[in-house]
Amino acid sequence: MQSKRARILVACNAQFQKVWQPSHRRGTTINNYDVIVIGAGHNGLVCACYLAKAGLKVRVLERRAVVGGAAVTEEFHPGFRNSVAAYTVSLLQARVIKELRLAEHGLRIVERPFGNFLPLNERDSLKIGGDLSATQAEVAKFSKRDAQQLPAYYAMVEQVATVLRDLVLRSPPNVGGGVGDIWSALQLMSEVRQLDMEGRRNLLNLFTKSAGDLLDHWFESDGIKACFGFDAVVGNYASPYHPGTAYVLLHHNFGEVNGKRGVWGHAIGGMGAISNAMASEARHLGVEISCNAEVSKLEVTNGRMSTVVLQDGTELHARSIAANVNPKLLYQRLIDQRHLSEEFITRMQAYKCGSASFRMNVALSELPKFTCLPTAGPHHAAGIILAPSLKYMERAYADAREHGIAQQPIVEMMISSTLDDTLAPAGRHVASLFCQHFDPNIDWSMRKAEAIARIFDVIESHAPGFKASVIAHTALSPADLECEFGLIGGDIFHGALTLDQLYAARPLLGYANYRGPIKGLYLCGSGAHPGGGVTGAPGYNCAREVLRDRRMRMK
Ligand SMILES: Cc1cc2nc3c(=O)[nH]c(=O)nc-3n(C[C@H](O)[C@H](O)[C@H](O)COP(=O)(O)OP(=O)(O)OC[C@H]3O[C@@H](n4cnc5c(N)ncnc54)[C@H](O)[C@@H]3O)c2cc1C
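Owing to the predicted nature of the structure, the values given are computational and were not obtained by experimental measurement. (Residues numbered from 1 in each chain as written. Predicted model: local features only at pLDDT ≥ 70, side-chain atom pairs only at ≥ 80, totals over all residues.)

Tell me about the site of the ligand, residues and numbers included.
For the ligand, the set of nearby residues contains 39 residues, the closest of which are Gly39, Gly41, Gly69, Ala86 and Gly532. Listed by contribution, the elements that provide at least two residues to the shell around the ligand are α2 (42-53), β15 (357-364) and α17 (478-485). A per-element tally of the shell around the ligand places α2 first, with three residues. Among the residues forming the shell around the ligand, the class breakdown is 19 nonpolar, 15 polar and five charged. (Near = placed C-beta within 6 Å. Helix = DSSP H or I, 4+ residues; strand = E, 2+ residues; numbered from the N terminus. Nonpolar A, V, L, I, M, F, W, Y, C, P; charged D, E, K, R; others polar.)

And the structure:
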């Protein structure tokens, strides 16, 4: 018998088939590309650009009507546009921005006035990020010791983030690989060797410990721990006290905005501005991008990729195929299982996918008035975290496990129109609500209204009048994220960022070099190293590997 979840997915696929008709002639065979990229998520676009820059003929096939995957801007209510999934930028690699000339294609990224604003209760709040002494003064309201600890904590995270940064645009060593992989392993060892003993301890802690244990060691007041701990549960269906969550915290710290490390910002025009700039460069380089072109299966001949079949029956051939999709989607839905070994199938089944994220976009008639700070100010342009302690986050997780939905969800609100007047009519606003924890495995057709009510209740409790200010809203449950964007289990990272699925083990040990068990088939999406986030890194690294197999170099 089909599970409830499977039935929802079948319905979701049927919906796609009805709505999105490929735009080219049906049943034809097309033969003249060097590389086909499946998916025009930002990583698929980055991969396509670097392949085309090196001189290859590239075609990108995208199921949706627009490019960008989870990095996309859409009008969700007449006159109101927003980044409908990913909403804030930091991890996008400076090298990709420069080499793909994204600024020349119109991309402009602005900083938030400071990182985060946390309303803690009716009286108290915290403003974190930006100027260090201002942040210390904020934290000192609750603990002088915590304020003194801050510079050392930032330095500790930065030291380990620097190691991670150096690995982001390199292929991990592949277990069982050749000389190149031994070289990569040696490079990793040399990065680690540059750390002193304290640095190595910090690296070990950040890769293995829980964020909760780490933060309890550094700080004593709830607010500052909640601010940093939030990064550990974003897209991660876990309590902040689960071992391994400190890595997810670290993962959100290897980025930069306009050269400033560890900072998060906003792309003017929303995240779609990033993808659109990439698509412009791709077209300029001769890449052919087709939207409304859903790939329905991949055919394999003698252990080698041979044909990409679109939903309308069109067949396309290329020597190399780079898949931007989630690895489970690729290996469980697009490829006939008889082409894969039992062992590979079993390991792919065990690949963990599933975020507990619920994403809303709201159109607002006015800015929320927080009881603890009701006047309009720069705090409205920060990432507003509504989750005052790690304990609150732990409870949200426990609730989701027990009831499917956190009774008091963790909410981050980013009012993007405060930084960008292109998104809403004058005097009105749009906000992204990124909310955790919502079990990806429940029947979401029955529970969306309840989730929305819980989220709105949390905001209303900090900012009375919020509900009355909502002009319109849209909501994406974990099942909707899967249905709309192909994010299996609503996993925002294309697979959990746990130690057993990172670096040389991403997506699976033995397949970390962007190649899978089928010759000619590569993975260029977030299921490959270094994982999720709008980074461009898996796309960049995959292009290098495709070129290496053709004895070509990146340009
Ligand atoms: C709700 C949410 C909030 C997030 N917030 C942030 C954030 O603020 N900042 C940040 O850095 N990251 C954020 N992330 C994570 C980040 O957006 C993703 O990790 C990243 O965008 C993934 O990019 P990708 O190119 O690897 O894959 P995707 O963006 O998933 O692209 C894959 C593409 O493949 C297409 N596709 C799927 N199946 C087929 C098929 N059969 N045929 C053809 N095409 C197909 C899809 O339509 C999609 O366009 C968020 C993600 C989500 C979902």
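Can you lay out the sheet that holds strand β18 (residues 429-438) for me, pointing to particular residues and giving the numbers?
In space, the seven strands of this open sheet follow the order β7-β6-β16-β17-β18-β15-β19, with mixed pairing throughout. Pairing within the sheet leaves two strands with one partner each, and these edge strands are β7 (125-128) and β19 (470-476). Ignoring which end each strand starts from, the neighbouring axes of this sheet average 20 degrees apart. With two bridges joining them, strand β6 (residues 116-119) and strand β16 (residues 383-386) adopt parallel strand pairing. Considered in β16, the bridge of phenylalanine 117 is made with isoleucine 384. With respect to the sheet, helix α14 (residues 390-403) is in contact with β17 (405-414) and β18, its orientation differing from that of β17 by roughly 130 degrees. (Pairing = 2+ DSSP bridges. Axes fitted to C-alpha atoms, helices over the stretch in contact; angles between N-to-C directions. Contact = placed C-beta atoms within 7 Å.)

So what about the confidence of the model for the chain? Which residues, and what values?
On average, residues of the chain carry a pLDDT of 93, and 94% of them reach 70 or more. In the model, residues 1-11 has pLDDT below 50 throughout and makes five contacts with residues more than four positions away in sequence or in other chains. Between residues 13-25, whose pLDDT stays under 50, and residues either more than four places distant or in other chains, the model counts 19 contacts. (pLDDT = per-residue confidence, 0-100.)

Describe helix α8 (residues 211-218), listing the residues and the values that go with them.
Among the residues making up α8, those that are buried are Ala211, Gly212, Leu214 and Leu215. Down the axis of α8, the buried set is contained in an arc of 165 degrees. They therefore lie on one face. In this structure, the buried residues of α8 make contact with α7 (197-208), α9 (222-233), α10 (245-251) and α14. (Buried ≥ 20, exposed ≤ 12 C-beta atoms within 10 Å, placed from the backbone. Arc of directions from axis to C-beta.)

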